[in-house]
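Read off the chains here:
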Amino acid sequence: MEFMDQSRQSLIPNYLYSSKGFLDLTANQRKPFASGRYTPLVASSSASPLTPRRDFVIPAPSEARKIELFSPAYYGACTAGGILSCGLTHMAVTPLDLVKCNMQINPTKYKGVCSGFGVLLKEQGMKGFFKGWVPTLLGYSAQGACKFGFYEFFKKTYSDMAGPEFATKYKTLIFLAGSASAEFIADIALCPFEAVKVRVQTKPGYAKGLSDGLPKFVKADGVSGLFKGLAPLWGRQIPYTMMKFASFEAIVESLYKYAIPLPKDKCSKQMQLGVSFAGGYVAGVFCAIVSHPADNLVSFLNNAPGATAGDAIKKLGVVALFTRGLPLRIFMIGTLTGAQWGIYDAFKVFVGLPTTGGAAPPAK
């Protein structure tokens, strides 16, 4: 029984978890290392005391690993959170996105949300609802990495350039400039995947997905064709992202200031994540309205080889450009943006970082 009790204990000695090293061992614990059966963790010398070798020390599981704010590890964590938040959420709403794109391209056939789902189900079955999920996942993962990672980077950079006084006074301008700069880069990563996704989703029989759709697209339109929709994509995504980040920061700050009786640092992590989701959802509604005309342009141009923005406006009409598919997009983008901020901040909490907004993090 004594042996069974001992076997339940960890096979790794407790002192290896200590950050204080070998010097904290008792005399009895040091004896095995001097016997020759084991190699000492540190070099010994009769002329000098033992010096701990911290690179051999294993951190205790209970010791939280901290990520320094604005360090390379911090920006790496924000990039990873962006990949998860954007890639997973956009893939999850692929059925909604597919119906929306078809309503924009072929409104006579896809007259509404419910009828659009009915047409897809009748013609393509259940598997048709997730057509184009691979370019969606990869494209928006790349976009999310750049969007969130570079936003944090540019927000800090522009704040440092402005100085503490102006960064506080004109913080909304910092948010707008940082998000616009980040999205400019992010859309370059997204554009090729978005072009293939729209073509696969709106042209029946064109391709099954990215693996066969990308070579077919390049053969027909060339590599430059993958970036034909970049300018409209910037027109859609940059205002969208500026609204997404600036309004989120303002909404979250207002919630903590007026709606929640406790300061942010006194709130539980669950409450903070709830605030992130709520702020993200409201921000998403504004995003959808601001960026919707350009979204219609992107869908039209990626589906019509050789077409221009003027052709799209002429065919769709100005009113339709602003309103076609808008209710569905408001629902989709609101849910999407709320979920993105929730996932992003949940990942930040998971790695030991504070949630976004509501209080200025301590300066480095």
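Per chain, residue numbering runs from 1 following the sequence as it is written. Note on the predicted model: pLDDT of at least 70 is required for a residue's local features to be given, and 80 or more for side-chain atom pairs to be given and counted; whole-chain, interface and lining totals, by contrast, use all residues. Where side-chain values are given, they derive from all heavy atoms of the structure, hydrogens and water being excluded.

Structural notes on the packing of aromatic side chains
Part 1: Any two rings among Phe, Tyr and Trp, with Trp reduced to its six-membered ring, count as a pair given centres within 6.5 Å; such a pair is stacked if its planes are under 30 degrees apart, edge-to-face if over 60, and tilted if neither. Evaluation of the coordinates by the stated rule reveals 17 aromatic pairs.
Part 2: Here Tyr-75 and Phe-153 contribute two aromatic rings whose centre-to-centre distance is 5.8 Å and whose plane-to-plane angle is 75 degrees, an arrangement assigned as edge-to-face. A residue pair is termed long-range when its members are at least 10 positions apart, and Tyr-75 in helix α3 (residues 72-92) and Phe-153 in helix α6 (residues 133-169) qualify at 78 residues.
Part 3: Tyr-75 sits in the buried class, given a relative accessible area of 16%.
Part 4: Geometrically, the ring pair formed by Trp-341 and Tyr-344 is edge-to-face, given 5.8 Å between the ring centres and 75 degrees between the ring planes. Of this pair, Trp-341 and Tyr-344 both sit in helix α13 (residues 326-350), separated by three residues, roughly a single helical turn. Starting at the N terminus, helices and strands are each numbered in turn, a helix being any DSSP run of H or I of at least four residues and a strand any DSSP run of E of at least two. Burial classification: accessible surface area is computed with a 1.4 Å probe over protein chains only, and a residue below 20% of its type maximum counts as buried, one above 50% as exposed, and the rest as partly exposed.

Here we look at helix α5 (residues 113-124)
Part 1: A helix is expected to span 1.5 Å multiplied by its residue count minus one. If you check α5, its first and last C-alpha atoms are 16 Å apart, about what 12 residues at 1.5 Å a residue would give, namely 16 Å.
Part 2: Of all the residues in α5, the buried ones are Gly-116, Val-119, Leu-120 and Gln-124. For α5, the angular spread of buried residues about the axis comes to 95 degrees, placing them on one side. For α5, the exposed residues set more than 90 degrees away from the buried face come down to Cys-114 and Lys-122.
Part 3: Any two residues having at least one pair of non-hydrogen atoms within 4.5 Å are treated as being in contact. The secondary structure elements touched by the buried residues of α5 are α4 (94-105).
Part 4: In the segment just after α5, Gly-125 is the residue with positive phi, at about 75 degrees. Think of the arc as the fan of directions from the helix axis to the C-beta atoms.

A closer look at the side chain of Ser-299
Part 1: For Ser-299, the position within the fold is in helix α10 (residues 269-303).
Part 2: Setting aside chain neighbours within four positions, we find Ser-299 in contact with Lys-100, Cys-101, Gln-104, Ile-105 and Val-198.

Examining the environment of Cys-191
Part 1: Relative to the helices and strands, Cys-191 is located in helix α7 (residues 171-202).
Part 2: Separated by 36 residues in the primary sequence, Cys-191 and Phe-227 place their C-alpha atoms 5.9 Å from one another.
Part 3: Every residue in contact with Cys-191, bar those within four places of it in the chain, is listed here: Leu-226, Phe-227, Gly-229, Leu-230 and Leu-233.

Structural notes on α4
Part 1: With 12 residues, α4 should cover 16 Å at 1.5 Å per step; its first-to-last C-alpha distance of 16 Å lies within 8% of that length.
Part 2: With 12 of 12 residues buried, α4 lies mostly within the body of the structure.
Part 3: Along α4, the residues that are buried comprise Thr-94, Pro-95, Leu-96, Asp-97, Leu-98, Val-99, Lys-100, Cys-101, Asn-102, Met-103, Gln-104 and Ile-105.

Some details on the packing of helix α9 (residues 230-259) against α13
Part 1: At their nearest, the axes of α9 and α13 sit 12 Å apart, and the two run at 55 degrees to each other. Classified by the angle their axes make, α9 and α13 are oblique. For α9 against α13, the interelement crossing comes out right-handed. Residues Arg-236, Tyr-240, Lys-244, Phe-245 and Phe-248 of α9 pack against Arg-329, Ile-333, Thr-337, Gln-340, Trp-341 and Asp-345 of α13.
Part 2: The residue classification treats Ala, Val, Leu, Ile, Met, Phe, Trp, Tyr, Cys and Pro as nonpolar and Asp, Glu, Lys and Arg as charged. All others, Gly included, are polar. Taken together, the residues of the contact of α9 with α13 break down into five nonpolar, two polar and four charged. Axis definition: a line fit to C-alpha positions, over the contact stretch in the case of helices; interaxial angles, taken between N-to-C directions, run 0 to 180 degrees. Convention used here: angles under 35 degrees read as roughly parallel, angles over 145 as roughly antiparallel, angles from 65 to 115 as roughly perpendicular, and any remaining angle as oblique. Crossings are assigned a handedness: left-handed for a near helix turned anticlockwise from the far helix by less than a right angle, right-handed for a clockwise turn.

Overview of the pattern of salt bridges
Part 1: When a carboxyl oxygen of Asp or Glu lies within 4 Å of a side-chain nitrogen of Lys or Arg, that pair is called a salt bridge. Taken as a whole, this structure holds 15 salt bridges when the rule is applied.
Part 2: The salt bridge involving Asp-97 is made with Lys-197; its shortest N-O contact spans 2.6 Å. Residue Asp-97 is located in helix α4, and its partner Lys-197 is located in helix α7; the two are separated by 100 residues in the primary sequence.
Part 3: For Asp-97, a relative accessible area of 11% translates into the label buried.
Part 4: Look at Lys-197 and you get buried, because its relative accessible area is 1%.
Part 5: Two residues, Glu-249 and Lys-155, come together in a salt bridge whose shortest N-O distance is 3.1 Å. Here Glu-249, found in helix α9, pairs with Lys-155, found in helix α6; they are 94 residues apart in sequence, far enough to count as distant.

Re the nonpolar core
Part 1: Ranked by internal contacts, the top residues of the largest apolar core, which has 27 residues, are Tyr-74, Phe-148, Tyr-256, Trp-341 and Leu-353.
Part 2: Among the elements of the structure, α3, α6, α7, α9, α10 and α13 are those that each provide at least two residues to this core.
Part 3: At six residues, the largest contribution of residues to this core is made by α9.
Part 4: Not counting residues within four places of it along the chain, the set of residues in contact with Tyr-74 comprises Ile-67, Glu-68, Leu-69, Glu-152, Lys-348 and Leu-353.
Part 5: Counting residues in each nonpolar core, the second largest holds 16 residues, with Met-103, Val-119, Leu-120 and Leu-336 among its members. We call a set of buried residues a nonpolar core when its members are Ala, Val, Leu, Ile, Met, Phe, Trp, Tyr or Cys and they connect through side-chain atoms within 4.5 Å of each other.

Some thoughts on unusual backbone geometry
Comment: phi is negative for the bulk of residues other than glycine, and the bulk of peptide bonds are trans.
Part 1: For Phe-70, which is not glycine, the phi dihedral falls at a positive 65 degrees.
Part 2: Locating Phe-70 in the fold gives a position in the loop between α2 (27-34) and α3.
Part 3: Accessibility expressed as a relative area gives 14% for Phe-70, which makes it buried.

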